[in-house]
Every structure is written in C-alpha cells, then in structure tokens.
Amino acid sequence: MPGRHFLHIPGPTNVPDRILRAMHVVMEDHRSPVFPQLALPLLEGLKRVFRTQSGQAFIFPSTGTGAWETVLTNTLCAGDKVLAPRHGQFSSLWIGMAESHGLNVEVQEEAWGAGASPERIFAALEHDQGHDIRAVLVVHNETATGVTSDIAAVRRAIDAASHPALLFVDGVSSIGSLDFRMDEWGVDGAVAGSQKGFMMPAGLGLSCFSQKALEAGRSARKNNPLRRSYFDLEAMIASNKTGYFPYTPSLPLLYGLREALRMMEEEGLDNVVARHAHLAGGVRAAVTEGWWLKLCAQDPKSASDTVTAVMVPDGFDAREVIARAFQRYNLSLGSGLTKVAGKLFRIGHLGDLNELMCLAAISGAEMAMQDIGIKVESGSGVAAAQRHYRRKA
Ligand SMILES: *Cc1c(COP(=O)(O)O)cnc(C)c1O
C-alpha cells in the first residue's frame, strides 16, 4: 500500500529517523579502549530517565521480559513469598514467571480495568507479621487494559505497614513516557524495554536496582538463590565498572539508545511526560466525547497516558475493527489480549508522536468501526480530539 504505515500499537513504537540513522553503524571492537566512552554514559543516562541517583542501571540484550527475570532472579531465594496484584495480561505473565521460578506468589485479583490496590497491599503486608513477603510486584502501566497504577501510593502502603518488602515495578510501557520516580517512590527494582517509550527496536532489557535490592541479592547468593546464569548480575557489575559488557553487546542498539537518551534530554523528561498526557487526553476525548464508547479503565483518573483500550459495543468483535484498520487503512491497532480478546482494541500513543499522528489513528479507527457497522458518527472522534488539542496554546 502506498504512503506510510500508521503504527499505533503500544510497542514496538515508531523509531524516529534520528535513531534509525544512529543505528546504521559498522561493527567495532567492543573490547577497545574507546568502547567505554559509549557504554558508561548510557548507564548514567538511563539512571536519569528512571530518576534514580543511588540506583544502578543495567542493560541486558533481551526484552522487558528478560528484565523481569533479571530483577526476580538476582534478589530472591527459591520458595520466597511475593505479593502481586493481577489485573491484566502483563501482570499475569510476570506472576507466571515468578511461579515458574519457584516463588510462592500471593496473588491479589483485581478487575481487568482496575489497577493495583494500595489498600489491599497495605492489608496483606500488615497481616504478614512474620515479614515472609519478600517483595511486592506491581505493573505500573498495564498495557493490556490501559490502566496506570499509583506507585507512590503503593510505597506509602508499604511504609504504613512498616514492612521491609522490596518494591519491584514493571515500567515497560511507562518509564520514559509517564511520570516515574524510582528514588522518590522507593522502587527497588524497575524494569523497562527498548521498544516502547525509548522509541527503539526491541532488543534491550533495561533495569535499575536500588542499593537495597543489590544487598538483598548479595545475601540471597549466600542462601539458596533463584537459578540464573545469563542474567546473573555479578559478571555484569564487574564488567560495567570499567565500561564493558561480559559478552558481545548489540552495537546498533547501544548507538540507538544513545540517540534516544539524547532526544529525551533535548525535549526534557518533564516535557516528554506532559506531551504524553496531552496526546492521551485527545484520544480519550475521541472515545468518550466523540464516539460515546467506554474505556476499559474503570476509573478515569487511572486511564493510561500511553495506551487507550476502547471497549466496542456488545455484539461487535474488536478483532474485526483491527483487521479492517490494517487491511483498508494501513493502520495497526493493538488487540485485546486473552480475557479481553474481541472486547476491546487499543490505540498506542507513546514514543515519537504528535497531535496529527494521533488524529490519523483516531480517524482510521473511526472509519474501521463504521465499516463493520458500529454506530459512530463520521468525524466525531476526530472533532473531539481536535477540540482537546486546540485548547493548548
Ligand atoms: C510490552 C510489555 C512487557 C513485555 O515486554 P517485552 O519487551 O515484549 O518482553 C511487559 N510489561 C509491560 C507492561 C509491557 O507493556
């Protein structure tokens, strides 16, 4: 199909030309004396995006899923108990990984459309007088449902219970796009990937550990630590100290990350976050004030600024909207995963994006819905989003 493709899934996201060009490099010696000039600033730059000064950043060749594994296996012991809310596909998958590693997971079931409940987390921790719960696992932005959980409130809940549990946060679809404050919120293990807010191809599993988490890892090592080999931090820490990696890094991805960090710093992280909120506001206006459809997010305050999950009316299959958008309009929308398959489609609005790009996605989704018989008025979503966007000076 001529013309550009409109990629509006919540990851991978559009890779800006600057990053594409930055990745177009010849290979070089990753043990050369100049290699640390590339690697060391990346680790420092990541800390600024995670908003940590005291933490330590890691770059593994993997994806967000590998970063989940890095955080769990380098801090916990076989049989350790962890607490984890489940309210969507990504929280489910992280819980599944924890279980498959032999962790004892106390799952807090929440509705798909709700977020983590700080009140229930407080209650569970207060009840845990023996401090058996070693960590709380929270997905900051549940990409499957478009719901953002309040991590600052989770931290307050842990502190109110005077509980020593570590706080691990999946920020794969939030870090670098939504407000995220590792140090301020006392996050001990934070996880991201390269293909969402970082505007890159998939391939880097990014994580940051607090000093408390690193210490927990050292003491776990003396007991019965979870099995790991490739994702072991020890060799990584030793090599990173001088700006190297224990094995061959992906040079194009490292050059891409350097450019991505530059772009975020040029725009300013606060401006990046504000831009995502502004763009998301327009998409939500299209859904609720233009189309009169419902968000999957139950509480409007928790609706995500990086992805909007749109419920289609009863009797319609969201998969048909997605197929029509792709085949007829060259637009990729995100699908409903497992429990919500067919019930919703998702518009990703994170990364390298502006107002007109969002209007194009809204317009395409609107036409695709009309084409399969959903009663939405021509131009209604676009008009509602335009009104929202024009309000900004
Ligand atoms: C995309 C995503 C993941 C999985 O990351 P991969 O890079 O695909 O391994 C995990 N958690 C959340 C919240 C995500 O959005």
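Bear in mind the structure is a predicted one, so any value in this text is a computation, not a measurement.

What counts as what
- Residues numbered from 1 in each chain as written.
- Predicted model: local features only at pLDDT ≥ 70, side-chain atom pairs only at ≥ 80, totals over all residues.
- Heavy atoms only, no water.
- Salt bridge = Lys/Arg side-chain N within 4 Å of Asp/Glu carboxyl O.
- Helix = DSSP H or I, 4+ residues; strand = E, 2+ residues; numbered from the N terminus.
- Buried < 20%, exposed > 50% of the residue type's maximum accessible area, 1.4 Å probe, protein only.
- Pairing = 2+ DSSP bridges.
- Near = heavy atom within 4 Å.
- Polar contact = N/O pair within 3.5 Å; in protein donor to acceptor, adjacent residues only side chain to side chain.
- Nonpolar A, V, L, I, M, F, W, Y, C, P; charged D, E, K, R; others polar.
- Phe/Tyr/Trp six-rings, centres within 6.5 Å; stacked < 30°, edge-to-face > 60°.
- Axes fitted to C-alpha atoms, helices over the stretch in contact; angles between N-to-C directions.
- Parallel < 35°, antiparallel > 145°, perpendicular 65-115°, else oblique.
- Left-handed = near helix turned anticlockwise from the far one by under 90°.
- Contact = heavy atoms within 4.5 Å.

## A closer look at the pattern of salt bridges
Here comes step 1: Applying the stated rule across the entire model yields 23 salt bridges.
Here comes step 2: The salt bridge partner of Glu44 is Lys47, with a shortest N-O separation of 3.8 Å. With Glu44 and Lys47 both in helix α2 (residues 35–50), this residue pair falls 3 residues apart, about one helical turn.
Here comes step 3: You can call Glu44 partly exposed: its relative accessible area is 43%.
Here comes step 4: Two residues, Arg86 and Glu109, come together in a salt bridge whose shortest N-O distance is 2.5 Å. With Arg86 in strand β3 (residues 81–86) and Glu109 in strand β4 (residues 104–109), this pair connects stretches of sequence that are 23 residues apart.
Here comes step 5: Assessed through its relative accessible area of 23%, Arg86 is described here as partly exposed.

## Examining the pairing of strand β12 (residues 307–311)
Here comes step 1: With respect to burial, β12 is a largely interior element, 4 of its 5 residues being buried.
Here comes step 2: As judged from the 2 bridges shared by strand β11 (residues 294–295) and β12, these two strands associate in the antiparallel manner. Bridging from a neighbouring strand, Lys294 pairs with Met311 of β12.

## Quick look at the site of the ligand
Here comes step 1: The immediate surroundings of the ligand are formed by 13 residues, with Thr63, Thr65, Thr143, Asp170 and Lys196 found nearest.
Here comes step 2: Thr63 has a polar side-chain atom sitting 2.5 Å from an oxygen atom of the ligand.
Here comes step 3: Contact between the ligand and Gly64: an oxygen atom at 2.9 Å from a main-chain N or O atom of the residue.
Here comes step 4: Of all the elements, helix α3 (residues 64–73) adds the most residues to the shell around the ligand, at 3 residues.
Here comes step 5: When its residues are assigned to classes, the shell around the ligand shows 4 nonpolar, 7 polar and 2 charged.

## Quick notes on the sheet that holds β11
Here comes step 1: Strand order in the open sheet formed by 5 strands is β1-β13-β14-β12-β11, and the pairing between neighbours is mixed. A strand with exactly one partner marks an edge of an open sheet, and here the two such strands are β1 (6–8) and β11.

## What to know about unusual backbone geometry
Here comes step 1: Of note, the bond from Gly11 into Pro12 is cis; its omega dihedral lies within 30 degrees of zero at 0°.
Here comes step 2: Looking at where Pro12 falls in the secondary structure, it is placed in the loop between β1 and α1 (17–23).
Here comes step 3: For Met199, which is not glycine, the phi dihedral falls at a positive 65°.
Here comes step 4: Residue position: Met199 is located in the loop between β9 (189–193) and β10 (204–209).
Here comes step 5: For Met199, a relative accessible area of 6% gives the class buried.

## Re the environment of Val34
Here comes step 1: If you trace the backbone, Val34 turns up in the loop between α1 and α2.
Here comes step 2: A residue is classified by how much of its surface remains accessible, and Val34, at 47% relative accessible area, is partly exposed.
Here comes step 3: Expressed as a C-alpha distance, the spacing of Val34 and Gly243, which sit 209 residues apart in the sequence, is 9.4 Å.

## Overview of the packing of aromatic side chains
Here comes step 1: Scanning all chains against the criterion turns up 9 aromatic pairs.
Here comes step 2: Ring geometry for Phe58 versus Phe209: centroids 5.5 Å apart, planes at 85°, classification edge-to-face. In this pair, Phe58 sits in strand β2 (residues 56–61) while Phe209 sits in strand β10, placing the two residues 151 residues apart along the sequence.
Here comes step 3: Note on Phe180 and Trp185: the rings are 5.7 Å apart at their centroids and 80° apart in plane angle, and the pair reads as edge-to-face.

## What to know about the packing of helix α5 (residues 118–127) against helix α6 (residues 151–160)
Here comes step 1: Across the interface, α5 lies against α6 with an axial gap of 8 Å and an inter-helix angle of 25°. Here α5 lies roughly parallel to α6, going by the angle between them. Between α5 and α6 the crossing geometry is right-handed. Only Ala153, Val154, Ala157, Ile158 and Ala160 of α6 make contact with α5, whose side of the interface consists of Pro118, Ile121, Phe122 and Leu125.
Here comes step 2: Classifying every residue of the contact of α5 with α6 by side-chain character gives 9 nonpolar, no polar and no charged.

## Observations concerning the environment of Leu43
Here comes step 1: Among the structural elements, Leu43 can be located in helix α2.
Here comes step 2: Classification of Leu43 by relative accessible area gives buried; the value is 10%.
Here comes step 3: In this structure the C-alpha to C-alpha distance between Leu43 and Arg258, which are 215 residues apart in sequence, comes to 9.9 Å.
Here comes step 4: In contact with Leu43, not counting residues within four places along its chain, are Ala57, Phe58, Ile59 and Asn240.

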